[in-house]
Amino acid sequence: MDFKVLSSEHLYQGRVFDLWREKVQYPDGRVGGIEFIKHGGAVTILPIDDQGRIWFVRQYRHPTGIELLELPAGTLEPGEDPAECAARELREEIGMAADQLTRLGEFFLAPGYSTEYMYVFLGRGLRIDPLEQDTGELIIVEKYSVEEVWQMVKNGEIKDAKTLAILSLAREWVSPD
């Protein structure tokens, strides 16, 4: 399909993302406006300790108005390698480093309105090695068995899309059977 950008307008520059509006000509000749977020990408990590527990963070997410249970995640710095970002975010968010970081996959987080591309890692061999949390983050670290995690999924207690997607990608390591 051949889409042609007719005009592009930068509406807002934020700390983590920019907002753009573009006028696009569709392959059938129609013209439409699209507003979207340009995002530098992110990582999410599925940390599993030697007891088989999955480590999560619970934090208040202002746009939702509630606390969410999520896997550790963070935004890539410009030019940063995703594996290096994953290692840093683990240390910042749960105070642990992983001796093994294995890339599990990647995906667009919300392609209808954002360019954010997420890299997913499995973290094993966890050991204490904290970094200071980012300013403005208030994170509570929680650990659950695989069985508890799948029960929370079934009960609708995990509402974060990236966490649900990663649990699906990592079936081999987090299957309740």
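Described in the following lines is the structure provided in the data block.

**A short note on the pairing of strand 2 (residues 17–25)**
Then step 1. Here strand 2 shows a clear split, with D18, W20, E22 and V24 buried on one side and none of F17, L19, R21, K23 and Q25 buried on the other.
Then step 2. Two strands pair when backbone bridges link them, and strand 1 (residues 4–13) and strand 2 are joined in this way by 8 bridges, in the antiparallel orientation. Bridged to Q13 within strand 2 is D18.
Then step 3. Taking the residues between adjacent antiparallel strands as the criterion, strand 1 and strand 2 are bridged by 3 residues.
Then step 4. From the end of strand 2 to the start of strand 3 (residues 31–39), which pair antiparallel, there are 5 residues, and G29 there has a positive phi angle of about 100 degrees.

**Examining helix 1 (residues 82–94)**
In an α-helix, one full turn covers 3.6 residues, which means residues spaced three or four apart are oriented alike.
Then step 1. Under the 1.5 Å per step criterion, the end-to-end length of helix 1 is 18 Å for 13 residues, consistent within 8% with the ideal 18 Å.
Then step 2. Among all positions in helix 1, only P82, C85, A86, R88, E89, L90, E92, E93 and I94 are buried.
Then step 3. In the core, the buried residues of helix 1 are packed alongside strand 4 (42–47), strand 5 (54–61), strand 7 (73–75), strand 8 (96–108), strand 9 (117–128) and strand 10 (140–144).
Then step 4. N-capping of helix 1 is provided by D81, with a side-chain oxygen placed 3.0 Å from the backbone N of A83.
Then step 5. In the segment just after helix 1, G95 is the residue with positive phi, at about 70 degrees.

**Side note on the sheet that holds strand 5**
Then step 1. Here 3 strands make up an open sheet; going across it, the order is 6-5-10 and the pairing antiparallel. The open sheet has two free edges, formed respectively by strand 6 (66–70) and strand 10, since each of these has just one partner strand. Within the sheet, the average angular offset between the axes of one strand and its neighbour, ignoring direction, is 30 degrees.
Then step 2. Where helix 1 meets the sheet, its contacts fall on strand 5 and strand 10, and the angle it forms with strand 5 comes to roughly 70 degrees.

Calculation notes
Residues numbered from 1 in each chain as written. Predicted model: local features only at pLDDT ≥ 70, side-chain atom pairs only at ≥ 80, totals over all residues. Heavy atoms only, no water. Buried < 20%, exposed > 50% of the residue type's maximum accessible area, 1.4 Å probe, protein only. Helix = DSSP H or I, 4+ residues; strand = E, 2+ residues; numbered from the N terminus. Pairing = 2+ DSSP bridges. Expected span 1.5 Å × (residues − 1). Contact = heavy atoms within 4.5 Å. Polar contact = N/O pair within 3.5 Å; in protein donor to acceptor, adjacent residues only side chain to side chain. Axes fitted to C-alpha atoms, helices over the stretch in contact; angles between N-to-C directions.

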